[in-house]
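The lines below spell out each chain.
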Amino acid sequence: MKDLGEKLKTTDNLTFRFMLATVIVIITVMSFKFFWDFNEEKKQAVRAMTEKAQIISEQQKALWEFMAINQHKINYNFAGNLEFKHLSCSTVAMGVGAMLASETEYNIKPTNTVCRNVLNTPDDFEIGGITYFKENPFTIEYWAIETVNGTHVFRYMTPLSIDKNCLDCHGKPKGEIDISGFAKDGLEIGDFAGALSLTMPMDIYYENIRESQLSNGFFSVILILVCVICIYFLVTGMVTSSLGELEKVVAQVGAGKWNVNLSHLKAKGEIKRLTNHFQNMTEQLKDLYSNLELKVEQRTSELEKANLILKKHKQELEQVNLRLEETNVYKSEFLAVMSHELRTPLTSIMAFAELTLVDIPPEEKKQQHYLEEVLLNSQILLRLINNILDLAKIEAGKGQLALEVVDMTDIIASVESVIAPLAKNKELEFHVQVTPEVPLTKADPEKLRRVVENLAGNAVKFTEKGGTVEILVQFNDHRKEIIIIVNDNGIGINKEYQKYIFEKFTQADSSSSRKYGGTGLGLALAKELVELHKGWIKVESQCGGGSSFIVGLPVQDIE
């Protein structure tokens, strides 16, 4: 028992938890049974008291009726002369009730709200019963359990009605003096004539209920103790002892001792199967552990070889990257030089074309058209060369900003002078707007002009005849940024292509380059130039719904 007590002291114990759960279940079930038995025994006591009260009431009514039937025999002598013996129905009923009360604790009496004997005066319970009978004429009983002087009593009432034997004293004419000296009540057969009131003690029933509950409680305690002891020995013998041995073996395995033998373990059922599985697992782990060092050495050797190969590949990749960087620098320098060299003769071609165009007579329409085409395509080629030159300079790390104080109105006016004729040739509506709150800032005016011109040129190029192109310049006071917006209602850009359009040599799709021309450098250059100003650029567009290119430039202090 001492060992049992020590084991039950800890809550981290399977046996303790099992017993605790069992005790809780037993207490719950027995508590429900106690309440159920108490209510059932109380109902049974009420049924028994009601049945007994009905029998006593019927006996009293039978006595009452017997006295009423034999009143003439009692009150008349053999000569036929009246000789009132003072043995009326109510007198006999009261007398019998008094005799019953003297021998037992039962009290019975006839009562009514209007009565001839003060002893028949109703109390509060009886007044309630009489009122209830009058309101419910077909009710045959009225009862309740009350506590009188600390004792439980059963109060029972049953109604009384007038029959033909009652008319001599309670019938008509009302007010006439009957043989007992009282005025008649003027009642008829079937009228309510009061009630029989019976009071019976219930202590014996409540004592039986208490004894039953005590008996149930005592046997519940015995049941709990027996269950706890049985569960302890059963769980200890069949579960916890086996699990305890298994726990020790698990600890040994955890400490690296693989030579374990569980064949001696006395276990049954699931625990036996668990033991067998653990024994098999231990043997497999032992085999794995035995070969682990050899496998680790093999893996280490393989990893060393792999590291050597990786180092060799890394060196080769570094050399390739170095060559690629050198090639990229050469490419950028070559593009920068060649673009500069190409721009010089192209500028001369454009100048001579303009001079020749001025000298051509107005009637020479054909030659004038040819020179205009030469001049137009030369301008396009110059812009392409300028784009390549600027991108090459940026990639070569030579892209620098010539910062000066700029007014966005001047920048947009310069762009307007170039874009307006292009828009007019395509019969497009072209609008520009610079809000008054746009401040002066420091920027590279030429590069800023190139950004807006590229965006506006693309808008004109990808907008069909009759469309609209507009340039809006606003100021975001909260973020201290100048916002440039180029809107058009042209062909738009699919969502899937929008993330690629700012890459070099990229357009929305291949068909655009064939139909509209271009190298795909304009947006890439615009992005590079904007980011040189520490700004940002984004696009909002949908296919067939036009496009909006938005540029944000941080305002720089002009002081």
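What counts and how
Residues numbered from 1 in each chain as written. Predicted model: local features only at pLDDT ≥ 70, side-chain atom pairs only at ≥ 80, totals over all residues. Heavy atoms only, no water. Helix = DSSP H or I, 4+ residues; strand = E, 2+ residues; numbered from the N terminus. Buried < 20%, exposed > 50% of the residue type's maximum accessible area, 1.4 Å probe, protein only. Areas by Shrake-Rupley, 256 points an atom, 1.4 Å probe, with all protein chains shown as cover. Core = buried A, V, L, I, M, F, W, Y, C linked by side-chain atoms within 4.5 Å. Contact = heavy atoms within 4.5 Å. Axes fitted to C-alpha atoms, helices over the stretch in contact; angles between N-to-C directions. Left-handed = near helix turned anticlockwise from the far one by under 90°. Nonpolar A, V, L, I, M, F, W, Y, C, P; charged D, E, K, R; others polar. Pairing = 2+ DSSP bridges. Salt bridge = Lys/Arg side-chain N within 4 Å of Asp/Glu carboxyl O. Phe/Tyr/Trp six-rings, centres within 6.5 Å; stacked < 30°, edge-to-face > 60°.

Novice: Account for the overall build of the protein, with residues named and values stated.
Specialist: Within the protein, the regular secondary structure consists of 14 helices and eleven strands. Looking at the protein as a whole, 34% of its 559 residues are labelled buried. Surface exposure of the protein reaches about 35100 Å², of which carbon and sulfur atoms provide 59%.

Novice: Break down the environment of F549 for me, with residues and values.
Specialist: Positionally, F549 belongs in strand β11 (residues 547–554). Residue F549 is classed as buried on the basis of its relative accessible area, which comes to 7%. Note: C-alpha distance between F549 and D488 (61 residues apart in sequence) is 9.1 Å.

Novice: Lay out the nonpolar core with the relevant residues and their values.
Specialist: Residues M408, L455, I471, I484, F549 and V551 are the most contacted members of the largest nonpolar core, which totals 37 residues. Taken together, the elements giving at least two residues each to this core come down to α10 (408–425), α11 (445–461), β8 (468–476), β9 (481–488), α14 (522–532), β10 (536–541) and β11. It is α11 that contributes the most residues to this core, seven residues altogether. Each residue touching V551, except ones within four places of it in the same chain, is listed here: V451, L455, I482, I483, I484, V530, W536 and I537. Listed in part, the 14 residues of the second largest apolar core include A45, F154, M200 and Y205.

Novice: Outline the packing of α10 against α11, listing residues and values.
Specialist: The contact between α10 and α11 brings their axes to 9 Å, and the two run at 35 degrees. Crossing geometry of α10 relative to α11 is assigned as right-handed. In contact with M408, I411, I412, S414, V415, V418, I419, L422 and A423 of α10, α11 contributes P445, L448, R449, V452, E453, A456, G457 and V460. Classifying every residue of the contact of α10 with α11 by side-chain character gives 13 nonpolar, two polar and two charged.

Novice: A description of the pairing of β9 should follow, citing residues and the corresponding values.
Specialist: Judged by how many residues are buried, β9 sits mostly within the fold: eight of eight residues are covered. Alternating positions in β9 separate into two faces, E481, I483, I485 and N487 on one and I482, I484, V486 and D488 on the other, with burial throughout. Pairing analysis gives eight bridges linking β8 to β9, with the strands arranged antiparallel. In the strand pairing of β9, Q474 is matched with I483. The antiparallel pairing of β8 with β9 creates a hairpin that spans four residues between the two strands, and K480 there sits at a positive phi of about 55 degrees. The pairing of β9 with β11 spans eight bridges and is classified as antiparallel. Bridging across to β11, I483 finds its partner in G552.

Novice: How would you sum up the pairing of strand β4 (residues 192–201)? Please name residues and give values.
Specialist: Within β4, eight of the ten residues are buried, which leaves the element mostly enclosed by the surrounding structure. As paired elements, strand β1 (residues 107–111) and β4 share five bridges and run antiparallel to each other. Paired with P110 across the bridge in β4 is L196.

Novice: I'd like a rundown of the pattern of salt bridges, residues and numbers included.
Specialist: For the structure on display, the rule yields 14 salt bridges. Here E146 ties to R155 by a salt bridge, and the two come within 3.3 Å at their closest N and O atoms. Taking relative accessible area as the criterion, E146 reaches 27% and is therefore assigned partly exposed. E302 is paired through a salt bridge with R299; the nearest N and O atoms lie 3.4 Å apart. Of this pair, E302 and R299 both sit in helix α8 (residues 269–359), separated by three residues, roughly a single helical turn. What makes E302 partly exposed here is its relative accessible area of 46%. A relative accessible area of 57% places R299 in the exposed class. Salt bridges linked by common partners bring K109, D123, E126, E146 and R155 together as one network.

Novice: How would you summarise the sheet that holds β8 if you had to cite specific residues and measurements?
Specialist: Sheet strands pair by backbone hydrogen bonding; their relative direction is either parallel or antiparallel. Taken in spatial order, the five strands line up as β6-β8-β9-β11-β10 in an open sheet, and their pairing is mixed. Either end of the sheet is taken by a strand with one partner, and the two such strands are β6 (429–434) and β10. Pairwise comparison of adjacent strand axes, ignoring direction, gives a mean angle of 15 degrees for this sheet. In terms of strand pairing, β10 meets β11 through six bridges, oriented antiparallel. In the strand pairing of β11, E540 is matched with S548. In the packing of α10 onto the sheet, contacts are made with β6, β8 and β9, and the angle to β6 comes to roughly 180 degrees.

Novice: Break down the packing of aromatic side chains for me, citing the residues and quoting the values.
Specialist: In the structure shown here, the tally under the stated rule is nine aromatic pairs. Aromatic side chains W143 and F154 sit 5.6 Å apart centroid to centroid with 25 degrees between the ring planes, which places their arrangement in the stacked category. One end of the pair, W143, is in strand β2 (residues 142–148); the other, F154, is in strand β3 (residues 151–161), with eleven residues separating them in the sequence. Given the relative accessible area of 38%, W143 is considered partly exposed. For F154, a relative accessible area of 0% puts it in the buried group.

Novice: Can you break down the sheet that holds β3 residue by residue, with the values?
Specialist: As summarised here, the arrangement of the four strands in space is β1-β4-β3-β2, forming an open sheet in which the pairing is antiparallel. Edge positions in the open sheet fall to β1 and β2, since each of these has one partner strand only. For this sheet, the mean angle separating the axes of adjacent strands, direction not counted, is 20 degrees. One ladder, built from seven bridges, connects β2 with β3; its direction is antiparallel. Residue pairing across strands places W143 opposite Y156, the latter belonging to β3. In the packing of helix α5 (residues 124–135) onto the sheet, the strands contacted are β1, β2, β3 and β4, and the crossing angle to β3 comes to about 35 degrees.

Novice: Explain unusual backbone geometry to me, using residue names and the numbers behind them.
Specialist: Phi at E427 takes a positive value of approximately 55 degrees, unusual for a residue other than glycine. With respect to the helices and strands, the residue E427 is situated in the loop between α10 and β6. The phi angle at K480 is positive, at roughly 55 degrees, despite the residue not being glycine. Relative to the helices and strands, K480 resides in the loop between β8 and β9.

Novice: Break down the side chain of T435 for me, with residues and values.
Specialist: Following the sequence through the fold, T435 ends up in the loop between β6 and β7 (441–443). Ignoring any residue separated from it by four or fewer positions in sequence, one finds T435 in contact with V473, Q474 and F475.

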